[in-house]
Amino acid sequence: MWQNKIGVESWLSCASRPRKGFVAPVTTRDQLRNQYLDAIGVQRWRPREPRVDEDSKTGSAWSPIDVTDAAVASTPNAAARLDWESLQTAVAGCTRCALHTTRTQTVFGVGSRSARWMFVGEAPGADEDAQGEPFVGRAGQLLNAMLFAMGLKREEVFIANVLKCRPPGNRDPQPDEVEQCEPYLIRQIELIQPKLIVALGRHAAHSLLKTDLPLAKLRGQTLNYHGTALIVTYHPAYLLRSPGEKRKAWQDLCLAKAIMESP
Ligand code: URA
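Notes on the structure in this doc start here. (Residues numbered from 1 in each chain as written. Predicted model: local features only at pLDDT ≥ 70, side-chain atom pairs only at ≥ 80, totals over all residues. Heavy atoms only, no water.)

Digging into the nonpolar core
Within soluble globular proteins, side chains that are nonpolar generally end up buried alongside one another. By size, the foremost hydrophobic cluster in this structure holds 66 residues, and its most contacted members are Trp 117, Met 118, Phe 119, Leu 196, Leu 208, Leu 230 and Val 232. If near-sequence neighbours (up to four positions away) are discounted, Met 118 is found in contact with Phe 158, Ala 160, Leu 185, Gln 188, Ile 189, Ile 192, Pro 194, Leu 196, Ile 197 and Val 198. (Core = buried A, V, L, I, M, F, W, Y, C linked by side-chain atoms within 4.5 Å. Buried < 20%, exposed > 50% of the residue type's maximum accessible area, 1.4 Å probe, protein only. Contact = heavy atoms within 4.5 Å.)

What follows is the structure in structure tokens.
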């Protein structure tokens, strides 16, 4: 049986008793929220252009980009146009910010290169720094349970972080570290082309969406990351500290499932 210390059972019971009305209907509240997001300049979801061909995976045919290109352009010699192996090599040897002096190793990401789901966290912690894999500590166990509750295995999704190196003492990522590191994440997303990105927590959401809106204002919507659907939910480490919020996180995951089941 699964451990109960991290609340796995509650995820399983969520999974076995999915709520009726899985897909939230468009209500006046939704419309108001959408108007609000439009007003504050956070893009809502619209379907991406269909994939053209395999070449698009090399980056040359990547659809019209705003923040992505701006971010890569502002960080010369970054990850743009690297293939997967070169990207892994670049990350492994990265010295773009001071975190390389304190890391044990970089944490590139784990999972399927053709994943339809991509989960993005904040930065490696001590366990991840030691093992070179994201989300392997207690927060990782809870993330695994969340995946399990949605019928997903770790191997079939891709899990990455905004930062590829551990900030000492697990402090928050600094803006310059995010700026130096985010081309790697951007390139990972370009290469994988997931159908859905799940931003885990405030740092991932802020970095991807270029906003500083509180999580409460970003949750519960299908947002648009350059043509890819993106949802925001709580970071598993926060859920460990605030288990009462798991209910809301489950609603987010239900939204995620609905998006993935949509044509
Ligand atoms: N928290 C994160 O954001 N990422 C990890 O990989 C582990 C904990």
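Re the sheet that holds strand S2 (residues 117-121)
Sheets are built from strands paired through backbone hydrogen bonds, the pairs being either parallel or antiparallel. One open sheet accounts for six strands, arranged S1-S3-S2-S4-S6-S5; its pairing is mixed. If you trace the sheet from one side to the other, it starts and ends with strand S1 (110-111) and strand S5 (223-225), each paired once. Strand contacts of helix H11 (residues 246-261): S2, strand S4 (196-200) and strand S6 (228-233), with the helix running at about 170° to S6, the strand carrying the most contacts. (Pairing = 2+ DSSP bridges. Helix = DSSP H or I, 4+ residues; strand = E, 2+ residues; numbered from the N terminus. Axes fitted to C-alpha atoms, helices over the stretch in contact; angles between N-to-C directions.)

Details of the pairing of strand S3 (residues 158-161)
Here S3 shows a buried face lined by Phe 158 and Ala 160 and a second buried face lined by Ile 159 and Asn 161. Here S1 pairs with S3 via two bridges, running antiparallel. Each bridged residue has a counterpart across the sheet, and for Val 110 the counterpart in S3 is Ile 159. Pairing between S2 and S3: four bridges, direction parallel. Directly across from Phe 119, in S3, lies its bridge partner Ile 159.

A few points about the packing of helix H4 (residues 84-92) against helix H7 (residues 175-192)
Contact pair H4 / H7: the axes reach a minimum separation of 11 Å and the direction vectors enclose 160°. Comparing their axes, H7 and H4 come out roughly antiparallel. Considering only the axes of H4 and H7, their crossing is left-handed. Residues Trp 84, Leu 87, Ala 90 and Val 91 of H4 pack against Tyr 184, Arg 187, Gln 188, Leu 191 and Ile 192 of H7. Its residues placed into classes, the contact of H4 with H7 shows seven nonpolar, one polar and one charged. (Parallel < 35°, antiparallel > 145°, perpendicular 65-115°, else oblique. Left-handed = near helix turned anticlockwise from the far one by under 90°. Nonpolar A, V, L, I, M, F, W, Y, C, P; charged D, E, K, R; others polar.)

Comments concerning the site of the ligand
Neighbouring the ligand are the residues Gly 121, Glu 122, Ala 123, Glu 128, Pro 134, Phe 135, Asn 161 and His 235. The contact in question runs from an oxygen atom of the ligand to an N or O atom on the backbone of Glu 122, over 2.7 Å. Protein chains bury 91% of the 240 Å² of accessible surface belonging to the ligand in isolation. With respect to the pocket detection grid, the ligand is positioned in the second largest pocket. (Near = heavy atom within 4 Å. Polar contact = N/O pair within 3.5 Å; in protein donor to acceptor, adjacent residues only side chain to side chain. Areas by Shrake-Rupley, 256 points an atom, 1.4 Å probe, with all protein chains shown as cover. 1 Å grid on protein atoms, 1.4 Å probe; cavity = no way out; pocket = protein on both sides within 12 Å on 5 of 7 lines; lining within 4 Å. Sits in = over half its atoms within 2 Å of the grid points.)

Concerning the side chain of Glu 128
Relative to the helices and strands, Glu 128 resides in helix H5 (residues 126-131). Despite its burial, Glu 128 pairs with no opposite charge, the nearest such side chain being Arg 166 at 7.0 Å. In terms of polar contacts, Glu 128 uses its side chain to reach the backbone amide nitrogen of Val 136, at 2.9 Å. (Lys, Arg positive; Asp, Glu negative; His and termini not counted. Salt bridge = Lys/Arg side-chain N within 4 Å of Asp/Glu carboxyl O.)

Observations concerning empty space enclosed by the protein
Going through the model one piece at a time under the given rule, you end up with two cavities of 30 Å³ or more. When the residues that make up the lining of the largest cavity are grouped by side-chain class, the tally is seven nonpolar, three polar and four charged. (Points joined across faces, edges and corners; volume = space filled by probe spheres on them.)

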